[in-house]
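# Remarks on the overall topology
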Amino acid sequence: MQQQQPQQNTTQQPGTYQQPPNVVTTKDSLYFADMLSWNLLAMKKAHFFASQCQDQEVVSAIEKAGQMHQRHYQKILTHIQGQNQTQQQQPLQ
């Protein structure tokens, strides 16, 4: 009895993309909102805890972490705004 070799399928399967589509799904949008919320909360906590510390090295480290979360927040927001502009410029089909 011979074992059958699986055929090598070189054609692309339906549902897979070579690059992501220019669409933001509802799930994507909700995840963006979550990421923004997480970073905003981290910024607020860092600011609060830095104000509670007396050691300047600790204050500096916490403020640096808060600034990192602020940069991430701005970066995510920039991506979302860029995506919205791209979608508005595309004609409806």
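Presented here is a report on the structure given in the accompanying data block. Everything numeric in this text was worked out from a predicted model, so none of it was measured. (Residues numbered from 1 in each chain as written. Predicted model: local features only at pLDDT ≥ 70, side-chain atom pairs only at ≥ 80, totals over all residues. Heavy atoms only, no water.)

### Focus on the overall build of the chain
Across its full length, the chain carries two helices and zero strands. Within the chain, the fraction of its 93 residues that count as buried is 11%. Relative to all contacts within the chain whose residues are 6 or more apart in sequence, the contacts with residues 24 or more apart total 66%. Accessible surface, the chain as shown: approximately 8800 Å² in total, 52% of it carbon and sulfur. (Helix = DSSP H or I, 4+ residues; strand = E, 2+ residues; numbered from the N terminus. Buried < 20%, exposed > 50% of the residue type's maximum accessible area, 1.4 Å probe, protein only. Contact = heavy atoms within 4.5 Å. Areas by Shrake-Rupley, 256 points an atom, 1.4 Å probe, with all protein chains shown as cover.)

### Comments concerning the environment of His 69
If you trace the backbone, His 69 turns up in helix α2 (residues 56-89). Since its relative accessible area comes to 22%, His 69 is described here as partly exposed. For the pair formed by His 69 and Ala 42, sequence separation is 27 residues and the distance between their alpha carbons is 6.5 Å. Among the polar contacts made by the side chain of His 69, one reaches the side chain of Asn 39 at a distance of 3.1 Å. (Polar contact = N/O pair within 3.5 Å; in protein donor to acceptor, adjacent residues only side chain to side chain.)

### With respect to the packing of aromatic side chains
Counted under the stated rule, the structure contains two aromatic pairs. Ring centres of Tyr 31 and Trp 38 lie 5.8 Å apart, and the angle between their planes is 80°; this geometry places the pair in the edge-to-face category. For the pair Phe 48 and Phe 49, a centre-to-centre distance of 5.3 Å together with 70° between the ring planes defines the contact as edge-to-face. On the basis of relative accessibility, which here comes to 44%, the residue Phe 48 falls in the partly exposed class. For Phe 49, a relative accessible area of 43% gives the class partly exposed. (Phe/Tyr/Trp six-rings, centres within 6.5 Å; stacked < 30°, edge-to-face > 60°.)

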